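Architecture and fold: a report
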Amino acid sequence: MNRRDALRNTMMWMAGSPLLRAQEVLGDTRDRFPAIDDLVNVFEFEPILKSKVPKNNYDFIAGGVDAEWTLRRNRESFDRITFRPRFMRDVSKMDLSTELFGQKISMPILVAPTAGHQLAHEQGELATARGAGQMKTIMAVSTNSSYSIDKIGAAATGPLWFQLYVGPDWDGTRDRVERAVGAGCKAVCITVDSAYGSHRERLLRNRSSAGPVAVPSPGGRRAAAPREPLPYKLQSQFTVHLTWSFLDEINKYAKVPVLVKGILTAEDAKLAVERGAAGIIVSNHGGRYLEYAPSTIEVLPEIVEAVGGKIPVLIDSGFRRGTDILKALAIGAKAVLVGRPPLWGLGAYGQAGVAKVLELLQHELALTMGLAGATNLAAIDRKLVKIDAR
Ligand SMILES: Cc1cc2nc3c(=O)[nH]c(=O)nc-3n(C[C@H](O)[C@H](O)[C@H](O)COP(=O)(O)O)c2cc1C
């Protein structure tokens, strides 16, 4: 029995006591959550999700690798960047819409691929896809989704992309990509930053297996039950054999644009362009793999410069505010993906929560743009931000 269950039992026992039955002060208020429209920013969804799901599910969603230095760095790095706002520009009409690979979307904010949405809510990716569709933006579906890609494709009301973990064999990889494209996915993102399972210490402490090795199982089954801790040794993942030549191969059969997700240096960004990537996603996987990987916003300038406008540069990891998003757009990102916030919204309020989280980010971005003097994405440029040296 965990602490929460013990507390609940004690409260139920007390509530049943004749001494207290007449009093109304002991109601169990834990199921009384704020109305969704009372939440003022995306952070406020996290504690609601936390109170609704088992601890291990929450720790899987929230956690980073080791001591979570990169996880913290993702947030702290935004504080080094300030705006250089411009005024007197008639900002009465705001337009946040954009286009990615020919797909029109309402805002430069996408749902990042995250595993196992049933860890947050019974309706899992079905609800997330509808929430993203409601907000007219793209959801990237993880290889390790709780529901099958066919079911998610059937439920979706907006555009989907597919995130690919290669393997366990090359034929299986091709089947997976073709199935996703058949289910309607308009782009594939190959995740390249996770060759080995990392130590998510929150999960190890819970004595449950860490990381995507075991938590959600691919292809529509539910999360595995907690197991004994992993032995302290290298756990290779699907991507351990990956090299740049895989881009040549997948480009032959994918039939949709292929992006590389997890780029953190100018060198790899250049290679991605040379080897035929249609786009890159600057990402440190939300601080979940290489500890002491840099924050993504701090490496974005060198990557944008290396790519030189040849392909779109997208970014994720740590984005929680409209101001964060505008900073990335000003440095040259085409769009931003958010990983945990839609999961917080999903766990807290299902589809409506996913949509609300995206709506809050959209409103914050519009507000920041308006106050900084940009009425649309084309009006945003590098002069809008000042980056302090460390
Ligand atoms: C719970 C969780 C599961 C994730 N699963 C995957 C995954 O299956 N594939 C993948 O490429 N990235 C995965 N990611 C990383 C996200 O795609 C994204 O890079 C990251 O969440 C962005 O950081 P943020 O959560 O701070 O927004 C996952 C992240 C989280 C939080």
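This text gives an overview of the structure that appears in the document. (Residues numbered from 1 in each chain as written. Predicted model: local features only at pLDDT ≥ 70, side-chain atom pairs only at ≥ 80, totals over all residues.)

We now examine the overall build of the protein chain. A tally of regular secondary structure across the protein chain gives 15 helices and 12 strands. Counting all 390 residues of the protein chain, 49% fall into the buried class. Considering only residue pairs separated by 6 or more positions, the protein chain has 70% of its internal contacts joining residues 24 or more positions apart. (Helix = DSSP H or I, 4+ residues; strand = E, 2+ residues; numbered from the N terminus. Buried ≥ 20, exposed ≤ 12 C-beta atoms within 10 Å, placed from the backbone. Contact = placed C-beta atoms within 7 Å.)

So, about the environment of Leu343. Note on placement: Leu343 falls in helix α14 (residues 340–349). Given 32 C-beta atoms within 10 Å, Leu343 falls into the buried group. C-alpha of Leu343 to C-alpha of Leu119: the two residues are 224 residues apart in sequence and 9.0 Å apart in space. Those residues within four positions of Leu343 in sequence are excluded, and the remaining contacts are Leu49, Ile61, Thr114, His117 and Ala120.

The next thing to look at is the environment of Leu300. Here Leu300 lies in helix α12 (residues 296–307). Residues Leu300 and Ile263, spaced 37 residues apart in sequence, show a C-alpha to C-alpha distance of 9.8 Å.

Next up on the list: the site of the ligand. Around the ligand, the structure places 25 residues, and the nearest of them are Ser142, Thr191, Gly286, Gly339 and Arg340. Tallied by class, the residues present in the shell around the ligand amount to 8 nonpolar, 13 polar and 4 charged. (Near = placed C-beta within 6 Å. Nonpolar A, V, L, I, M, F, W, Y, C, P; charged D, E, K, R; others polar.)

Residues Val313 and Ile315 of strand β10 (residues 313–316) are buried on one face, and the alternating residues Leu314 and Asp316, pointing to the opposite face, are buried as well. Pairing between strand β9 (residues 279–282) and β10: 3 bridges, direction parallel. Pairing of Ile280 across the sheet is with Val313, part of β10. Crossover handedness for the path β9 to α12 to β10: right-handed. (Pairing = 2+ DSSP bridges. Right-handed = clockwise from strand over helix to strand, strands pointing away.)

With that settled, the discussion passes to unusual backbone geometry. The omega angle of the peptide bond from Gly167 to Pro168 is 5°, so this bond is cis rather than trans. Within the secondary structure, Pro168 sits in the loop between β6 (160–164) and α8 (170–182). Positioned with a positive phi, Tyr292 is a non-glycine residue whose angle comes to about 70°. Considering the arrangement of structural elements, one finds Tyr292 in the loop between β9 and α12. Given 11 C-beta atoms within 10 Å, Tyr292 falls into the exposed group. Even without a glycine there, the phi angle at Ser317 is positive, about 100°.

The next subject is the environment of Arg202. Within the secondary structure layout, Arg202 lies in helix α9 (residues 201–205). In contact with Arg202, not counting residues within four places along its chain, are Asp59 and Gly63.

Before going further, it helps to spend a moment on the packing of helix α11 (residues 266–274) against α12. Two elements in contact, α11 and α12, have axes whose closest approach is 8 Å; the angle formed by their N-to-C orientations is 30°. With respect to their mutual orientation, α11 and α12 come out roughly parallel. By crossing handedness, the relation of α11 to α12 is classed as right-handed. Facing Ala266, Ala269, Lys270 and Val273 of α11, the residues of α12 in contact are Glu302, Ile303, Glu305, Ala306 and Val307. (Axes fitted to C-alpha atoms, helices over the stretch in contact; angles between N-to-C directions. Parallel < 35°, antiparallel > 145°, perpendicular 65-115°, else oblique. Left-handed = near helix turned anticlockwise from the far one by under 90°.)

Turning our attention to α8. Across its 13 residues, α8 extends 18 Å between first and last C-alpha, which sits within 8% of the 18 Å expected from 1.5 Å per residue. Restricting attention to buried positions, one finds in α8 the residues Thr173, Arg176, Val177 and Ala180. Each buried residue of α8 sits inside an arc of 95° when the element is viewed along its axis, so together they form one side. Exposed and facing more than 90 degrees away from the buried side of α8 are Asp171, Asp175 and Gly182. In this fold, the buried residues of α8 make contact with α7 (149–155), β6, β7 (185–191) and α10 (245–253). Phi turns positive one or two residues past the end of α8, at Gly184, with a value near 110°. (Expected span 1.5 Å × (residues − 1). Arc of directions from axis to C-beta.)

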